[in-house]
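Examination of the molecular architecture
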Amino acid sequence: MTPRTARLAVDGGEPVRTRPFPPRRVFGPEERAAVDAFFARTIETGDDFRYGGDEQRAYEAEFARYHGGGHALLVSSGTAALYVALGALEPRRPGEVVVPAVTDAGGVMPVPLLGLVPVVADTAPGSFNVGAPQIERCLSEWTRAIVVAHIGGEPVAMEPVLALARRHGLPVVEDCSQAHGAEYRGRPVGTFGDVAVYSTMTNKHHSTGGQGGVVHTRDPALYERIRRFSDRGKAAGADAVRNVQAALNFNGNDLAAVIGRVQLAKLPGVLAARRDLVTRLRAGLHGLEATGVPRVAADCSPAYWFVRIRLDLARLGVSMTEYLRALRAEGIPCGVWADIPAAEPWYERQVRAAEPGAWPLGAADRPRRPAGRASWPNAEAAAGRHVTLFVHERWTSREIDDACAALTKLERAYLARTASSKGARR
Ligand SMILES: Cc1ncc(COP(=O)(O)O)c(C=O)c1O
(Lines give C-alpha, C1' and ligand atoms only; values in the text may rest on other atoms or scores of the structure.)
Protein backbone atom coordinates (compact mmCIF):
# COMPACT_ATOMS: atom_id res chain seq x y z
CA MET A 1 0.00 0.00 0.00
CA THR A 2 1.41 3.40 -0.94
CA PRO A 3 1.63 5.70 2.09
CA ARG A 4 -0.63 8.75 1.72
CA THR A 5 2.19 11.12 0.85
CA ALA A 6 5.30 9.07 0.30
CA ARG A 7 8.40 11.01 -0.66
CA LEU A 8 8.74 11.11 -4.44
CA ALA A 9 11.65 9.27 -6.03
CA VAL A 10 12.55 12.45 -7.89
CA ASP A 11 13.09 14.06 -4.45
CA GLY A 12 15.19 11.17 -3.19
CA GLY A 13 12.39 8.84 -2.01
CA GLU A 14 11.99 5.13 -2.72
CA PRO A 15 10.81 4.54 -6.33
CA VAL A 16 7.63 2.52 -6.80
CA ARG A 17 9.45 0.29 -9.26
CA THR A 18 13.09 -0.53 -9.80
CA ARG A 19 12.79 -3.48 -12.20
CA PRO A 20 12.53 -2.53 -15.89
CA PHE A 21 9.16 -3.05 -17.54
CA PRO A 22 9.02 -6.19 -19.71
CA PRO A 23 9.86 -5.89 -23.42
CA ARG A 24 6.94 -6.50 -25.74
CA ARG A 25 8.53 -9.39 -27.66
CA VAL A 26 6.43 -8.93 -30.78
CA PHE A 27 7.95 -11.93 -32.52
CA GLY A 28 8.15 -15.42 -31.09
CA PRO A 29 8.54 -19.08 -32.03
CA GLU A 30 5.42 -18.98 -34.22
CA GLU A 31 6.92 -16.38 -36.56
CA ARG A 32 10.25 -18.20 -36.59
CA ALA A 33 8.57 -21.51 -37.49
CA ALA A 34 6.60 -19.88 -40.31
CA VAL A 35 9.70 -18.15 -41.73
CA ASP A 36 11.78 -21.34 -41.44
CA ALA A 37 9.12 -23.34 -43.26
CA PHE A 38 8.86 -20.65 -45.94
CA PHE A 39 12.62 -20.66 -46.55
CA ALA A 40 12.67 -24.44 -46.57
CA ARG A 41 10.00 -24.44 -49.28
CA THR A 42 11.83 -21.78 -51.26
CA ILE A 43 15.14 -23.64 -51.15
CA GLU A 44 13.55 -26.95 -51.93
CA THR A 45 11.59 -25.74 -54.94
CA GLY A 46 14.08 -23.17 -56.21
CA ASP A 47 11.16 -20.81 -56.52
CA ASP A 48 12.78 -17.68 -55.09
CA PHE A 49 10.30 -15.45 -53.37
CA ARG A 50 9.75 -11.84 -54.35
CA TYR A 51 6.51 -9.88 -54.11
CA GLY A 52 2.89 -10.52 -54.93
CA GLY A 53 3.23 -14.31 -54.57
CA ASP A 54 1.00 -16.79 -52.76
CA GLU A 55 2.00 -15.68 -49.28
CA GLN A 56 1.37 -12.02 -49.98
CA ARG A 57 -1.99 -12.73 -51.60
CA ALA A 58 -2.95 -14.96 -48.65
CA TYR A 59 -2.02 -12.25 -46.13
CA GLU A 60 -3.98 -9.67 -48.09
CA ALA A 61 -7.03 -11.94 -48.29
CA GLU A 62 -6.86 -12.61 -44.54
CA PHE A 63 -6.46 -8.91 -43.83
CA ALA A 64 -9.49 -8.08 -46.00
CA ARG A 65 -11.53 -10.87 -44.38
CA TYR A 66 -10.74 -9.48 -40.94
CA HIS A 67 -12.16 -6.19 -42.19
CA GLY A 68 -15.35 -7.68 -43.56
CA GLY A 69 -14.24 -8.04 -47.19
CA GLY A 70 -12.84 -5.73 -49.82
CA HIS A 71 -9.28 -5.65 -51.13
CA ALA A 72 -6.02 -5.20 -49.25
CA LEU A 73 -2.55 -4.51 -50.60
CA LEU A 74 0.67 -4.99 -48.66
CA VAL A 75 3.11 -2.14 -49.22
CA SER A 76 6.43 -1.09 -47.76
CA SER A 77 5.32 1.28 -44.96
CA GLY A 78 2.42 3.26 -43.52
CA THR A 79 3.77 6.42 -45.14
CA ALA A 80 3.84 4.62 -48.49
CA ALA A 81 0.29 3.34 -47.86
CA LEU A 82 -1.01 6.90 -47.43
CA TYR A 83 0.96 8.13 -50.44
CA VAL A 84 -0.46 5.35 -52.59
CA ALA A 85 -4.04 5.70 -51.30
CA LEU A 86 -4.12 9.46 -51.87
CA GLY A 87 -2.42 9.19 -55.24
CA ALA A 88 -4.85 6.50 -56.38
CA LEU A 89 -7.78 8.78 -55.56
CA GLU A 90 -6.33 10.95 -58.36
CA PRO A 91 -7.15 14.27 -56.73
CA ARG A 92 -7.39 17.24 -59.06
CA ARG A 93 -4.48 19.69 -58.78
CA PRO A 94 -4.11 22.27 -57.53
CA GLY A 95 -5.87 21.02 -54.46
CA GLU A 96 -5.89 20.69 -50.70
CA VAL A 97 -6.20 17.73 -48.37
CA VAL A 98 -7.47 18.11 -44.82
CA VAL A 99 -5.11 16.35 -42.41
CA PRO A 100 -5.29 15.82 -38.65
CA ALA A 101 -3.31 18.09 -36.31
CA VAL A 102 -2.10 15.18 -34.16
CA THR A 103 -0.57 12.36 -36.16
CA ASP A 104 2.76 10.93 -37.24
CA ALA A 105 4.68 12.95 -39.82
CA GLY A 106 4.22 9.99 -42.19
CA GLY A 107 0.49 10.66 -41.96
CA VAL A 108 0.96 14.11 -43.54
CA MET A 109 4.14 14.08 -45.66
CA PRO A 110 2.57 12.26 -48.61
CA VAL A 111 0.23 15.22 -49.16
CA PRO A 112 2.87 17.78 -50.21
CA LEU A 113 4.90 15.05 -51.92
CA LEU A 114 1.87 14.50 -54.17
CA GLY A 115 1.80 18.20 -54.96
CA LEU A 116 -1.21 18.86 -52.74
CA VAL A 117 -1.53 21.37 -49.94
CA PRO A 118 -2.22 20.00 -46.45
CA VAL A 119 -4.74 21.96 -44.39
CA VAL A 120 -4.55 21.09 -40.72
CA ALA A 121 -7.75 20.34 -38.82
CA ASP A 122 -7.58 20.86 -35.08
CA THR A 123 -8.57 18.04 -32.75
CA ALA A 124 -11.96 17.79 -31.05
CA PRO A 125 -11.77 19.41 -27.59
CA GLY A 126 -10.05 17.14 -25.06
CA SER A 127 -9.14 14.58 -27.72
CA PHE A 128 -6.13 13.64 -29.85
CA ASN A 129 -8.55 12.92 -32.72
CA VAL A 130 -10.05 15.33 -35.21
CA GLY A 131 -13.76 16.06 -35.06
CA ALA A 132 -16.20 16.93 -37.84
CA PRO A 133 -16.61 20.62 -36.84
CA GLN A 134 -12.83 21.08 -36.88
CA ILE A 135 -12.64 19.47 -40.33
CA GLU A 136 -15.52 21.57 -41.63
CA ARG A 137 -13.63 24.78 -40.84
CA CYS A 138 -10.84 23.62 -43.19
CA LEU A 139 -13.00 22.93 -46.22
CA SER A 140 -12.78 25.13 -49.29
CA GLU A 141 -13.43 24.93 -53.00
CA TRP A 142 -9.92 23.44 -53.22
CA THR A 143 -10.49 20.49 -50.86
CA ARG A 144 -10.00 17.17 -52.59
CA ALA A 145 -9.95 14.67 -49.72
CA ILE A 146 -10.15 14.32 -45.94
CA VAL A 147 -7.64 12.24 -43.95
CA VAL A 148 -8.56 11.21 -40.42
CA ALA A 149 -6.29 9.27 -38.05
CA HIS A 150 -7.44 7.12 -35.14
CA ILE A 151 -4.73 8.26 -32.78
CA GLY A 152 -3.51 6.00 -29.99
CA GLY A 153 -6.03 3.40 -31.13
CA GLU A 154 -9.04 5.54 -30.19
CA PRO A 155 -11.62 5.63 -32.99
CA VAL A 156 -12.55 8.97 -34.51
CA ALA A 157 -16.32 9.62 -34.30
CA MET A 158 -16.79 8.66 -37.94
CA GLU A 159 -20.51 9.22 -38.45
CA PRO A 160 -20.39 13.06 -38.45
CA VAL A 161 -17.18 13.00 -40.52
CA LEU A 162 -18.82 10.78 -43.13
CA ALA A 163 -21.96 12.94 -43.18
CA LEU A 164 -19.80 16.03 -43.76
CA ALA A 165 -17.78 14.30 -46.48
CA ARG A 166 -20.94 13.14 -48.20
CA ARG A 167 -22.40 16.65 -48.15
CA HIS A 168 -19.28 17.95 -49.89
CA GLY A 169 -18.69 14.94 -52.15
CA LEU A 170 -15.23 14.30 -50.68
CA PRO A 171 -13.43 10.98 -50.25
CA VAL A 172 -12.32 10.00 -46.73
CA VAL A 173 -9.02 8.26 -46.03
CA GLU A 174 -8.81 6.55 -42.64
CA ASP A 175 -5.31 6.32 -41.21
CA CYS A 176 -5.52 3.26 -38.95
CA SER A 177 -1.78 2.98 -38.35
CA GLN A 178 -2.25 3.22 -34.58
CA ALA A 179 -5.60 1.48 -34.44
CA HIS A 180 -5.52 -2.03 -35.94
CA GLY A 181 -8.80 -3.67 -34.97
CA ALA A 182 -10.23 -0.71 -33.03
CA GLU A 183 -14.00 -0.66 -33.40
CA TYR A 184 -16.56 2.05 -33.96
CA ARG A 185 -20.21 1.06 -33.73
CA GLY A 186 -19.27 -2.62 -33.78
CA ARG A 187 -17.15 -2.46 -36.95
CA PRO A 188 -13.38 -2.21 -37.31
CA VAL A 189 -12.07 1.24 -38.13
CA GLY A 190 -10.87 1.40 -41.70
CA THR A 191 -14.21 0.15 -43.00
CA PHE A 192 -15.96 3.52 -42.89
CA GLY A 193 -14.10 5.72 -45.35
CA ASP A 194 -13.30 5.19 -49.02
CA VAL A 195 -9.87 3.79 -48.32
CA ALA A 196 -7.86 2.91 -45.21
CA VAL A 197 -4.13 2.84 -44.57
CA TYR A 198 -2.11 1.03 -41.94
CA SER A 199 1.47 1.01 -40.76
CA THR A 200 2.60 -2.50 -39.88
CA MET A 201 6.04 -1.62 -38.57
CA THR A 202 7.16 -3.60 -35.55
CA ASN A 203 5.72 -1.42 -32.82
CA LYS A 204 2.16 -1.63 -34.17
CA HIS A 205 -0.56 -4.06 -33.02
CA HIS A 206 0.34 -6.51 -35.73
CA SER A 207 3.50 -6.34 -37.79
CA THR A 208 4.81 -7.52 -41.13
CA GLY A 209 8.33 -7.56 -39.74
CA GLY A 210 10.32 -4.40 -39.27
CA GLN A 211 8.51 -2.20 -41.73
CA GLY A 212 5.35 -2.46 -43.76
CA GLY A 213 1.97 -1.01 -44.51
CA VAL A 214 -1.43 -1.96 -45.89
CA VAL A 215 -3.95 -0.16 -48.07
CA HIS A 216 -7.52 -1.45 -47.89
CA THR A 217 -10.64 -0.52 -49.83
CA ARG A 218 -13.97 -2.05 -50.77
CA ASP A 219 -13.88 -0.34 -54.17
CA PRO A 220 -12.42 -2.71 -56.81
CA ALA A 221 -11.64 0.09 -59.28
CA LEU A 222 -9.81 2.07 -56.61
CA TYR A 223 -7.94 -1.09 -55.61
CA GLU A 224 -6.66 -1.49 -59.18
CA ARG A 225 -5.44 2.11 -59.18
CA ILE A 226 -3.80 1.53 -55.78
CA ARG A 227 -1.96 -1.53 -57.16
CA ARG A 228 -0.81 0.37 -60.20
CA PHE A 229 0.35 3.40 -58.24
CA SER A 230 2.32 1.25 -55.79
CA ASP A 231 4.06 -0.77 -58.53
CA ARG A 232 5.69 1.66 -60.93
CA GLY A 233 2.44 2.37 -62.74
CA LYS A 234 2.12 -1.13 -64.20
CA ALA A 235 -1.13 -1.72 -66.04
CA ALA A 236 -3.41 -4.19 -64.26
CA GLY A 237 -3.72 -7.72 -65.61
CA ALA A 238 -1.81 -10.94 -65.31
CA ASP A 239 0.55 -10.40 -68.23
CA ALA A 240 0.67 -6.66 -68.11
CA VAL A 241 4.15 -5.38 -68.74
CA ARG A 242 3.27 -1.91 -69.86
CA ASN A 243 3.76 0.95 -67.47
CA VAL A 244 0.94 3.38 -67.93
CA GLN A 245 1.82 5.93 -65.29
CA ALA A 246 4.95 7.29 -63.62
CA ALA A 247 4.94 5.92 -60.09
CA LEU A 248 7.30 4.67 -57.41
CA ASN A 249 7.77 1.14 -56.15
CA PHE A 250 6.23 0.52 -52.74
CA ASN A 251 5.66 -3.20 -53.08
CA GLY A 252 5.44 -5.43 -50.05
CA ASN A 253 6.98 -8.89 -50.29
CA ASP A 254 6.22 -12.50 -49.52
CA LEU A 255 8.61 -12.85 -46.59
CA ALA A 256 6.92 -9.89 -44.86
CA ALA A 257 3.58 -11.50 -45.59
CA VAL A 258 4.63 -14.78 -43.94
CA ILE A 259 5.34 -12.87 -40.73
CA GLY A 260 2.20 -10.77 -41.19
CA ARG A 261 -0.04 -13.84 -41.44
CA VAL A 262 1.14 -15.17 -38.08
CA GLN A 263 0.83 -11.72 -36.57
CA LEU A 264 -2.66 -11.15 -37.92
CA ALA A 265 -3.82 -14.38 -36.26
CA LYS A 266 -2.51 -12.97 -32.97
CA LEU A 267 -4.30 -9.62 -33.36
CA PRO A 268 -7.55 -10.56 -31.53
CA GLY A 269 -5.49 -11.69 -28.53
CA VAL A 270 -3.41 -8.50 -28.62
CA LEU A 271 -6.57 -6.38 -28.64
CA ALA A 272 -8.26 -8.33 -25.85
CA ALA A 273 -5.16 -8.05 -23.66
CA ARG A 274 -4.83 -4.30 -24.21
CA ARG A 275 -8.52 -3.63 -23.55
CA ASP A 276 -8.47 -5.69 -20.38
CA LEU A 277 -5.35 -3.94 -19.19
CA VAL A 278 -6.80 -0.47 -19.70
CA THR A 279 -10.02 -1.49 -17.91
CA ARG A 280 -7.91 -2.50 -14.91
CA LEU A 281 -5.80 0.64 -15.14
CA ARG A 282 -8.94 2.78 -15.20
CA ALA A 283 -10.31 0.94 -12.16
CA GLY A 284 -6.99 1.34 -10.36
CA LEU A 285 -7.11 5.11 -10.82
CA HIS A 286 -10.77 5.40 -9.86
CA GLY A 287 -11.29 7.98 -7.18
CA LEU A 288 -8.25 10.09 -8.01
CA GLU A 289 -9.13 13.74 -8.45
CA ALA A 290 -6.58 15.03 -10.94
CA THR A 291 -5.43 11.86 -12.73
CA GLY A 292 -7.42 9.40 -14.84
CA VAL A 293 -8.04 7.55 -18.08
CA PRO A 294 -10.36 9.68 -20.27
CA ARG A 295 -13.86 8.33 -20.84
CA VAL A 296 -14.41 6.43 -24.08
CA ALA A 297 -17.60 6.95 -26.09
CA ALA A 298 -20.03 4.04 -25.69
CA ASP A 299 -19.90 3.26 -29.42
CA CYS A 300 -16.09 2.89 -29.46
CA SER A 301 -13.83 0.01 -28.58
CA PRO A 302 -10.26 1.37 -28.77
CA ALA A 303 -7.23 -0.67 -29.76
CA TYR A 304 -4.98 1.21 -27.30
CA TRP A 305 -1.70 1.66 -29.12
CA PHE A 306 -1.06 3.77 -26.06
CA VAL A 307 -3.30 4.89 -23.24
CA ARG A 308 -3.71 8.55 -22.39
CA ILE A 309 -3.64 9.56 -18.75
CA ARG A 310 -5.39 12.88 -18.33
CA LEU A 311 -3.86 15.19 -15.74
CA ASP A 312 -5.13 18.34 -14.12
CA LEU A 313 -1.69 19.91 -13.90
CA ALA A 314 -3.05 23.19 -12.55
CA ARG A 315 -4.49 21.36 -9.54
CA LEU A 316 -1.36 19.28 -9.15
CA GLY A 317 0.72 22.46 -9.32
CA VAL A 318 3.43 21.05 -11.63
CA SER A 319 4.52 21.43 -15.23
CA MET A 320 4.33 18.54 -17.66
CA THR A 321 8.13 18.37 -17.74
CA GLU A 322 8.32 18.05 -13.95
CA TYR A 323 5.54 15.48 -13.93
CA LEU A 324 7.17 13.30 -16.59
CA ARG A 325 10.49 13.46 -14.76
CA ALA A 326 8.82 12.43 -11.52
CA LEU A 327 6.82 9.56 -13.07
CA ARG A 328 9.93 8.22 -14.81
CA ALA A 329 11.85 8.46 -11.54
CA GLU A 330 9.21 6.17 -10.03
CA GLY A 331 10.23 3.61 -12.67
CA ILE A 332 7.26 4.01 -15.01
CA PRO A 333 8.09 4.39 -18.73
CA CYS A 334 5.95 7.21 -20.11
CA GLY A 335 5.97 10.06 -22.57
CA VAL A 336 3.74 12.46 -24.41
CA TRP A 337 2.71 11.02 -27.78
CA ALA A 338 0.94 13.92 -29.39
CA ASP A 339 3.03 14.71 -32.45
CA ILE A 340 1.90 17.74 -34.41
CA PRO A 341 3.64 17.44 -37.81
CA ALA A 342 2.57 20.93 -38.83
CA ALA A 343 4.63 22.33 -35.94
CA GLU A 344 7.82 20.68 -37.23
CA PRO A 345 10.66 22.29 -39.21
CA TRP A 346 9.99 20.31 -42.41
CA TYR A 347 6.45 21.64 -42.52
CA GLU A 348 7.54 25.18 -41.95
CA ARG A 349 10.18 24.97 -44.69
CA GLN A 350 8.51 22.76 -47.25
CA VAL A 351 4.85 23.58 -46.83
CA ARG A 352 4.13 26.88 -45.17
CA ALA A 353 7.03 28.87 -46.52
CA ALA A 354 7.21 27.15 -49.90
CA GLU A 355 6.89 29.48 -52.83
CA PRO A 356 4.77 28.20 -55.72
CA GLY A 357 7.90 27.43 -57.73
CA ALA A 358 9.14 25.13 -55.00
CA TRP A 359 6.23 22.77 -55.49
CA PRO A 360 6.74 19.62 -57.46
CA LEU A 361 3.36 19.50 -59.18
CA GLY A 362 0.58 21.93 -59.96
CA ALA A 363 2.95 24.59 -58.76
CA ALA A 364 2.03 27.72 -60.56
CA ASP A 365 -1.48 28.20 -59.31
CA ARG A 366 -1.62 26.19 -56.14
CA PRO A 367 -4.17 27.42 -53.64
CA ARG A 368 -2.92 30.17 -51.39
CA ARG A 369 -3.55 30.12 -47.70
CA PRO A 370 -2.88 33.02 -45.40
CA ALA A 371 0.75 33.00 -44.32
CA GLY A 372 1.73 32.75 -40.68
CA ARG A 373 1.37 30.12 -38.07
CA ALA A 374 -1.85 28.17 -38.30
CA SER A 375 -3.33 27.33 -34.94
CA TRP A 376 -4.52 24.10 -33.42
CA PRO A 377 -5.35 25.13 -29.85
CA ASN A 378 -7.29 21.98 -28.96
CA ALA A 379 -4.40 19.76 -30.07
CA GLU A 380 -1.89 21.75 -28.06
CA ALA A 381 -4.14 21.77 -25.01
CA ALA A 382 -4.69 18.00 -25.26
CA ALA A 383 -0.96 17.38 -25.70
CA GLY A 384 -0.25 19.49 -22.63
CA ARG A 385 -2.77 17.59 -20.52
CA HIS A 386 -1.97 13.92 -21.11
CA VAL A 387 0.91 11.62 -20.43
CA THR A 388 0.92 8.46 -22.47
CA LEU A 389 1.69 4.97 -21.26
CA PHE A 390 2.75 2.47 -23.91
CA VAL A 391 0.77 -0.44 -22.53
CA HIS A 392 1.21 -3.79 -24.24
CA GLU A 393 0.30 -7.44 -23.98
CA ARG A 394 3.28 -8.35 -21.77
CA TRP A 395 2.13 -6.07 -18.98
CA THR A 396 0.88 -8.18 -16.08
CA SER A 397 -1.03 -7.20 -12.94
CA ARG A 398 2.33 -6.20 -11.54
CA GLU A 399 2.91 -3.53 -14.20
CA ILE A 400 -0.65 -2.23 -13.88
CA ASP A 401 -0.41 -2.10 -10.08
CA ASP A 402 2.93 -0.29 -10.25
CA ALA A 403 1.67 2.23 -12.80
CA CYS A 404 -1.42 2.91 -10.66
CA ALA A 405 0.67 3.13 -7.49
CA ALA A 406 3.06 5.65 -9.08
CA LEU A 407 0.26 7.80 -10.54
CA THR A 408 -1.52 7.73 -7.17
CA LYS A 409 1.68 8.56 -5.31
CA LEU A 410 2.33 11.57 -7.55
CA GLU A 411 -1.23 12.84 -7.21
CA ARG A 412 -1.17 12.61 -3.41
CA ALA A 413 2.23 14.22 -3.10
CA TYR A 414 1.41 17.08 -5.44
CA LEU A 415 -2.06 17.74 -3.98
CA ALA A 416 -0.56 17.77 -0.47
CA ARG A 417 2.10 20.21 -1.66
CA THR A 418 -0.40 22.58 -3.28
CA ALA A 419 -2.66 22.36 -0.19
CA SER A 420 0.21 23.22 2.15
CA SER A 421 1.44 26.10 -0.03
CA LYS A 422 -2.14 27.48 -0.16
CA GLY A 423 -2.33 27.11 3.64
CA ALA A 424 0.97 28.94 4.03
CA ARG A 425 -0.29 31.84 1.89
CA ARG A 426 -3.45 32.26 4.01
C1 LIG B 1 -0.94 7.72 -37.59
C2 LIG B 1 0.26 7.30 -38.39
N3 LIG B 1 0.29 7.50 -39.72
C4 LIG B 1 1.33 7.14 -40.47
C5 LIG B 1 2.43 6.53 -39.91
C6 LIG B 1 3.60 6.19 -40.78
O7 LIG B 1 3.82 4.81 -40.82
P8 LIG B 1 5.28 4.23 -41.15
O9 LIG B 1 6.16 4.62 -40.02
O10 LIG B 1 5.06 2.76 -41.23
O11 LIG B 1 5.70 4.82 -42.44
C12 LIG B 1 2.45 6.25 -38.55
C13 LIG B 1 3.61 5.60 -37.92
O14 LIG B 1 3.67 5.43 -36.73
C15 LIG B 1 1.35 6.66 -37.75
O16 LIG B 1 1.34 6.47 -36.43
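Worth saying up front: this structure is predicted, and the values here are computed from it rather than measured. (Residues numbered from 1 in each chain as written. Predicted model: local features only at pLDDT ≥ 70, side-chain atom pairs only at ≥ 80, totals over all residues. Heavy atoms only, no water.)

Let's shift gears to the overall build of the protein chain. Of the regular secondary structure elements, the protein chain holds 13 helices and 13 strands. Here the C-alpha radius of gyration of the protein chain, 23 Å, is about what a compact globule of 426 residues would show, namely 22 Å. In terms of overall dimensions, the protein chain has C-alpha extents of about 80 × 60 × 35 Å along its principal axes. Taken over 426 residues, the protein chain has a buried fraction of 53%. Restricting to contacts in the protein chain with at least 6 residues of sequence separation, those with at least 24 account for 71%. Surface accessibility of the protein chain: about 18900 Å² in total, with carbon and sulfur atoms responsible for 52%. Averaging the locations of the 54 positively and 46 negatively charged side chains of the protein chain gives two centres separated by 5 Å. (Helix = DSSP H or I, 4+ residues; strand = E, 2+ residues; numbered from the N terminus. Rg over C-alpha atoms; globule rule 2.2 N^0.38 Å. Buried < 20%, exposed > 50% of the residue type's maximum accessible area, 1.4 Å probe, protein only. Contact = heavy atoms within 4.5 Å. Areas by Shrake-Rupley, 256 points an atom, 1.4 Å probe, with all protein chains shown as cover. Lys, Arg positive; Asp, Glu negative; His and termini not counted. Charge placed at Lys NZ, Arg CZ, Asp CG, Glu CD.)

Okay, helix α8 (residues 254–284) next. Between the first and last C-alpha of α8 there are 44 Å, a value that for 31 residues agrees with the 45 Å anticipated at 1.5 Å per step. The largest bend along α8 reaches roughly 40 degrees and is located at K266, with the proline P268 sitting one to four residues downstream. Of the residues that open α8, the one with a side-chain oxygen 3.0 Å from the backbone nitrogen of L255 is N253. (Expected span 1.5 Å × (residues − 1). Bend = angle between axes of the 7 residues up to and from the residue. Polar contact = N/O pair within 3.5 Å; in protein donor to acceptor, adjacent residues only side chain to side chain.)

A few words on unusual backbone geometry. With an omega dihedral of -5 degrees, the bond running from R93 to P94 counts as a cis peptide bond. Structurally, the position occupied by P94 is in the loop between α3 (78–88) and β2 (96–100). Positive phi outside glycine occurs at R25, with the angle close to 50 degrees. Mapped onto the elements, R25 comes out in the segment before α1 (29–45). In the Ramachandran plot, R185 falls in the positive-phi region, its phi being about 50 degrees despite a non-glycine side chain.

Glancing now at the sheet that holds strand β6 (residues 183–184). Ordered in space as β7-β6-β11, the three strands form an open sheet in which the pairing is antiparallel. Unpaired on one side and paired on the other, β7 (187–188) and β11 (300–301) mark the two borders of the sheet. Taken together, the two bridges between β6 and β7 define a ladder with antiparallel strand orientation. Looking across to β7, one finds that E183 is bridged to P188. (Pairing = 2+ DSSP bridges.)

Across all of its chains, the model carries one cavity of 30 Å³ or more by this definition. Counted as a void, the largest cavity has a volume near 30 Å³. If you go around the largest cavity, the residues you meet are E154, R282, V293, P294, V296, Y304, V307 and R308. In terms of residue class, the lining of the largest cavity is built from five nonpolar, no polar and three charged. (1 Å grid on protein atoms, 1.4 Å probe; cavity = no way out; pocket = protein on both sides within 12 Å on 5 of 7 lines; lining within 4 Å. Points joined across faces, edges and corners; volume = space filled by probe spheres on them. Nonpolar A, V, L, I, M, F, W, Y, C, P; charged D, E, K, R; others polar.)

Within the secondary structure, T123 is located in the loop between β3 (117–121) and α5 (132–136). Judged by its relative accessible area of 0%, T123 is buried. Here the side chain of T123 touches S127 through a polar contact of 3.1 Å, landing on its backbone oxygen.

Before going further, it helps to spend a moment on the nonpolar core. Among the nonpolar cores identified, the biggest contains 48 residues, and L86, V97, V102, V173, V195, V215 and I226 are the most heavily contacted of them. Looking at this core, the elements with two or more residues in it are β1 (71–75), α3, β2, β4 (143–149), β8 (195–199), α7 (220–230), α11 (345–352) and α12 (377–383). It is α3 that provides the largest number of residues to this core, a total of eight residues. Every residue in contact with I226, bar those within four places of it in the chain, is listed here: L73, V84, A88, V195, V215 and T217. One finds V98, L162, L264 and C300 within the second-largest nonpolar core, a separate group that totals 39 residues. (Core = buried A, V, L, I, M, F, W, Y, C linked by side-chain atoms within 4.5 Å.)

For the rest of this paragraph, the subject is the pairing of strand β5 (residues 172–175). The alternating pattern of β5 places V172 and E174 and V173 and D175 on opposite faces, both of which are buried. Note that β4 and β5 share four bridges and pair parallel. Opposite V148, over in β5, you have E174 as the bridge partner. With helix α6 (residues 158–168) bridging β4 and its parallel neighbour β5, the resulting β-α-β unit is right-handed. For β5 and β8, the ladder comprises three bridges, and the chain directions are parallel. Within β8, the residue paired with E174 across the bridge is A196. (Right-handed = clockwise from strand over helix to strand, strands pointing away.)

Further remarks concern the packing of aromatic side chains. Applying the stated criterion across every chain yields a total of 17 aromatic pairs. Plain terms: the ring middles of F38 and F39 are 6.5 Å apart, the flat faces sit at 70 degrees to each other, and that makes the pair edge-to-face. Exposure remark for F38: the relative accessible area of 6% places this residue in the buried category. Classification of F39 as partly exposed rests on a relative accessible area of 34%. Ring geometry for W305 and F306: centres 6.0 Å apart, planes at 45 degrees, overall tilted. The ring centre of F192 lies 4.2 Å from the NZ or CZ of R187, which sits over that ring. Positioned over the ring face of F128 is R308, at 5.1 Å from the centre of the ring. (Phe/Tyr/Trp six-rings, centres within 6.5 Å; stacked < 30°, edge-to-face > 60°. Lys NZ or Arg CZ within 6 Å of the ring centre and 35° of its normal.)

From the geometry alone we can't say anything about function, so treat these as descriptive.
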